[in-house]
Amino acid sequence: MSEGPFSQLIIRGVTLINGNGAPPISPVDIVVENNVIKKIQVVGYPGVAINEDRRPKLAAGGRELNCEGMYLLPGFIDMHGHIGGNSQGADPDYVFKLWMGHGVTTVRQPSGRGIDYTLDLKRKSEKNEIIAPRIFTYTGFGQGSKEEISTPEMARAWVRNNAQKGADGIKFFGAPPEIMTAALDENKKLGLRSACHHAQLDVARWNVLHSARAGLTSMEHWYGLPEALFEDRTVQNYPLDYNYNNEQHRFEEAGKLWEQAAKPYSDHWNTVMNELISLDFTIDPTFNIYEASRDLQRARRAEWHEEYTLPSLWEFYQPSKISHGSYWHYWGTEQEVVWKKNYYLWMTFINEYKNRGGRVTTGSDSGFIFQLYGFAYIRELELLREAGFHPLEIIRSATLNGAEALGVSDKIGTVTVGKLADFVIVGENPLENLKVLYGTGAIKLTEDNEVVRVGGVVYTIKDGIIFDAKALLADVKRMVLEKKQEENYKILQPGIKE
């Protein structure tokens, strides 16, 4: 499933999409020595035989990878990647292989099973003792504390302790203003980064603008942004029988939020956007994780569920009054139409944020609401395209922007001499059709009127180690099949008994 690392690795003849927004160029040879890119050499012109004398020479003990006709990109960065969970029954090996099988070589874990658990996986990944992306761990604010954080002093102490343990940052969900102010200030002093899902329970007093001004480095999803754009209210228009613990209430009403905000390109809309950009604030929209809200049938009938979704994960997705994200009490046409309008306004803001120089990253938040690790990341790329991003802007969002947001753009994020050897290699042009990045490939009709599948990542290279992406996904299929056989399990659609 993997080879390397090598004292020297030469990748021959690729079309390079380097991640900084530049157009593709080919043919290119890339020389890696001990996990560092040493040379990127254009070795010819399209349609012209390559002069072998112009090519870098392979050293003794080196490894050549012939990738003529293939496309090479920087390794993808998933900025919102939960490493499974007890409720989902998704173990790290399963999750990691799905990510790596789709070219994801770096993941930011925004809270999860605890800092010690995640740091152990991070260390093993750094040493390449396990097949896994490189991991950045952001601890959920207050996680591990013996009592609820109720004072600024407690907040500062928790932040210092989190840094001492080795965390890369903090994931917030909101808190009283004085707690958020103290925690973000302390975290910023320590040089760590931060993310926030501005949950409705605190957003009325602390929205995205408050966070950005206090030092938050990135926001997740979109909660807190419409609230910063309110002009004629301070809270969303909650029905008077609303209950936050009722998932149908929570998600149905959330779909009406953007229509309550300032209109696109209005003075207030522009003012908020421009201030966030001036603060070098990162938005990680995770469009895909809410897509079932606007098209439930599409999300739950995605073709990869049959072979790649574990029985325990499929059960977690089902309608339930007690599972987060299972808001299918009675989800219908009216709710989906409202959410489609919500997406239009949300995407308008995100696209314009990018156009004005704001940083937008790519995150999946997989493992919830019918979204599967790896596959959901590629869907996120497609939704950025729907929002108005050029395919080259999408690749930059998935690579360089993520590296900048993590503070490691000197090491990863573009294919540049001096950076680490994290690459995605695919046989077809992903700019023409992002679907070729899916593990299930893209459907194509040949000249002979035959339906075929093309695509799927061929090689994922992390730390100079070559992984056979298709073999990784084949291993996931094996895991799922074994679980189904063990449990005599068959995927059925909700409400169908046999």
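Going by the structure above, here's the rest.
Residues numbered from 1 in each chain as written. Predicted model: local features only at pLDDT ≥ 70, side-chain atom pairs only at ≥ 80, totals over all residues. Heavy atoms only, no water.

**Q** Can you help me understand the packing of helix α14 (residues 375-387) against helix α15 (residues 391-398) in this one?
**A** Where α14 contacts α15, the axes come no closer than 9 Å and their chain directions differ by 135°. One way to sum up the angle between α14 and α15 is to call them oblique. Seen along the crossing, α14 lies across α15 with a hand that is right-handed. Together, Tyr377, Leu381, Leu384 and Arg385 of α14 and Pro391, Ile394, Ser397 and Ala398 of α15 make up the contact between the two elements. Tallied by class, residues from the contact of α14 with α15 come to six nonpolar, one polar and one charged. (Axes fitted to C-alpha atoms, helices over the stretch in contact; angles between N-to-C directions. Helix = DSSP H or I, 4+ residues; strand = E, 2+ residues; numbered from the N terminus. Parallel < 35°, antiparallel > 145°, perpendicular 65-115°, else oblique. Left-handed = near helix turned anticlockwise from the far one by under 90°. Contact = heavy atoms within 4.5 Å. Nonpolar A, V, L, I, M, F, W, Y, C, P; charged D, E, K, R; others polar.)

**Q** Looking at this structure, how should I read the environment of Pro5?
**A** By secondary structure assignment, the location of Pro5 is in the loop between β1 (2-3) and β2 (9-16). The class of Pro5 is exposed, set by a relative accessible area of 58%. Separated by 254 residues in the primary sequence, Pro5 and Glu259 have C-alpha atoms spaced 52 Å apart. Filtering out sequence-adjacent residues up to four positions away, Pro5 remains in contact with Asp463, Gly464 and Ile465. (Buried < 20%, exposed > 50% of the residue type's maximum accessible area, 1.4 Å probe, protein only.)

**Q** Mind showing me how you'd approach the pairing of strand β17 (residues 451-454) here?
**A** In regular strands, side chains alternate between the two faces of the sheet. Where strand β16 (residues 442-445) meets β17, four bridges bridge the pair, whose relative direction is antiparallel. Across the sheet, residue Lys444 finds its bridge partner in β17, namely Val452. Between β16 and β17, which pair antiparallel and follow one another directly, the connecting turn spans five residues, one of which, Asn449, has a positive phi of 65°. (Pairing = 2+ DSSP bridges.)

**Q** What is the right way to read the nonpolar core from this model?
**A** Generally speaking, a soluble globular protein has its nonpolar side chains buried in company with each other. The biggest cluster of nonpolar side chains holds 115 residues, and the ones touching the most others in it are Tyr94, Phe141 and Phe349. The leading source of residues in this core is helix α13 (residues 333-355), at eight residues. Once you skip the residues sitting within four places of it in the chain, Phe141 turns out to touch Ile149, Ala155, Trp158, Val159, Ile170, Lys171, Phe172, Ile179 and Ala183. With 20 residues, the next largest nonpolar core counts Ile37, Cys67, Met70 and Ala421 among its residues. (Core = buried A, V, L, I, M, F, W, Y, C linked by side-chain atoms within 4.5 Å.)

**Q** Help me understand the packing of aromatic side chains in this model?
**A** Geometrically, a pair of aromatic rings is defined through the distance of the ring centres and the angle of the planes. In the structure shown here, the tally under the stated rule is 35 aromatic pairs. On the numbers, 6.4 Å between centres and 85° between planes, the contact of Tyr94 with Tyr373 is edge-to-face. With Tyr94 in helix α1 (residues 92-100) and Tyr373 in the loop between β14 (359-360) and α14, the pair connects residues that are 279 residues apart, well separated along the chain. Among the residues examined, Tyr94 registers a relative accessible area of 2% and is labelled buried. Ring centres of Tyr238 and Tyr242 lie 4.7 Å apart, and the angle between their planes is 55°; this geometry places the pair in the tilted category. Tyr242 gets classed as buried once you look at its relative accessible area, which sits at 18%. (Phe/Tyr/Trp six-rings, centres within 6.5 Å; stacked < 30°, edge-to-face > 60°.)

**Q** Is there a simple way to explain α14 in this structure?
**A** For an α-helix, the turn length of 3.6 residues means that residues three or four places apart are oriented alike. End to end, α14 covers 19 Å across 13 residues, agreeing with the expected 18 Å (1.5 Å per residue, within 8%). In terms of burial, α14 is largely enclosed, as 11 of its 13 residues are buried. Of the positions making up α14, those classed as buried are Phe375, Ala376, Tyr377, Ile378, Arg379, Glu380, Leu381, Glu382, Leu383, Leu384 and Ala387. Positive phi appears at Gly388, one or two residues downstream of α14, with a value of about 120°. (Expected span 1.5 Å × (residues − 1).)

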